Amino acid sequence: MRSIVILTGAGISRESGLATFRDADGIWAKVRIEDVATPEAFRADPARVQGFYNARRRQLLDVAIQPNAGHRALARLEREWPGDLMLVTQNIDDLHERAGSRHVLHMHGELLKARCTACGRVVPVAEDLTPELVCAGCDSAGTLRPQVVWFGEMPLHMPEIEAALAQADLFVSIGTSGNVYPAAGFVADARRAGARTIELNLEPSEGASLFDEARYGPAGTLVPAFVDDLLRGDRTGPTAAPRRARGDSRPG
């Protein structure tokens, strides 16, 4: 087993103190998606949309928000794994990078970046966005939006992700709800390609039946233990996770 694709979701960042979106008391329980997370909402009221993400950005930059043991374990795996490893995250925070991961694909964008809707320029941003700000690339005002994938928009990096899933020996889903597509479909894609599939989550996801193995509990505990097992298996010989015959997509 040499090629690994790892998908992370809100569950891994929740343990660092970041608010989740889909829990019963999460962000979408307090604000309507249609008001702050669609291109139409931005056109109708850019100040409101920017204000929503400004608050998320300020929370992320609070000194109390730091990577946890799960983030650090995945950074270690990236450093020590001898084969191919792709880390894909649905999260828009930078906690993987702060923990030391160097190759992270943010399929839903990044909160600490902004994009100009006029010229497409993407720039780092740590301060609040406002409608009065002018794009340094094209001198347009009111065109800077969070570099976040909104509902109705295509996730980023999909060709790279799909290519990696097609070649994966192991697919690992960490802290995801399993009800947001296309990420929720990655486990089925990986199974069709012959990969073994493992879920690490606080509780079973919507697609739990598609995983060959599942471990439930806090990411800060599960992920370091899983990484230890994976690296120990690589050093001592074949792991207990053989690749499935290609085309076998039966539930585990």
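Just above, that's the structure.
Residues numbered from 1 in each chain as written. Predicted model: local features only at pLDDT ≥ 70, side-chain atom pairs only at ≥ 80, totals over all residues. Heavy atoms only, no water.

1. Here we look at the side chain of Gln 90
Cut-off, in case you're wondering: Secondary structure elements follow DSSP: runs of H or I of four or more residues count as helices, runs of E of two or more count as strands, with numbering from the N terminus. Remark: exposure states derive from per-residue accessible area (1.4 Å probe, protein chains only) relative to the maximum for the residue type, with buried under 20%, exposed over 50%, and partly exposed in between. The contact definition used throughout considers only heavy atoms, calling two residues in contact when any of these lie within 4.5 Å.
Position of Gln 90 relative to the elements: it lies in the loop between β2 (84-89) and α6 (95-99). Residue Gln 90 is classed as buried on the basis of its relative accessible area of 15%. Excluding residues within four positions of it along the chain, Gln 90 makes contact with Leu 7, Thr 8, Gly 9, Met 107, His 108, Thr 176, Val 180 and Ala 183.

2. Here we look at the environment of Leu 111
Structurally, the position occupied by Leu 111 is in strand β4 (residues 109-116). As for Leu 111 and Leu 60, which are separated by 51 residues in sequence, their C-alpha atoms are 8.6 Å apart. Setting aside chain neighbours within four positions, we find Leu 111 in contact with Tyr 53, Arg 56, Arg 57, Leu 60, Ile 92, Val 125 and Val 148.

3. Observations concerning the pattern of salt bridges
Heads up, the condition is: Salt bridge, as used here: a side-chain nitrogen of Lys or Arg that lies within 4 Å of a carboxyl oxygen of Asp or Glu.
This structure, assessed with the given rule, holds 15 salt bridges. The partner of Glu 213 in a salt bridge is Arg 196, with the nearest N and O atoms 3.8 Å apart. Of this pair, Glu 213 sits in strand β9 (residues 213-216) while Arg 196 is found in strand β8 (residues 196-201), placing the two residues 17 residues apart along the sequence. Take Glu 213: its relative accessible area is 24%, and that puts it in the partly exposed class. Between Asp 229 and Arg 232 there is a salt bridge, with its nearest N and O atoms 3.0 Å apart. Of the two residues, Asp 229 and Arg 232 are both situated in helix α9 (residues 219-236); the distance of three residues between them amounts to about one turn of the helix. The partly exposed category is assigned to Arg 232, whose relative accessible area is 46%. Residues joined in a network through salt bridges with shared partners are Arg 196, Glu 213, Arg 215, Asp 229 and Arg 232.

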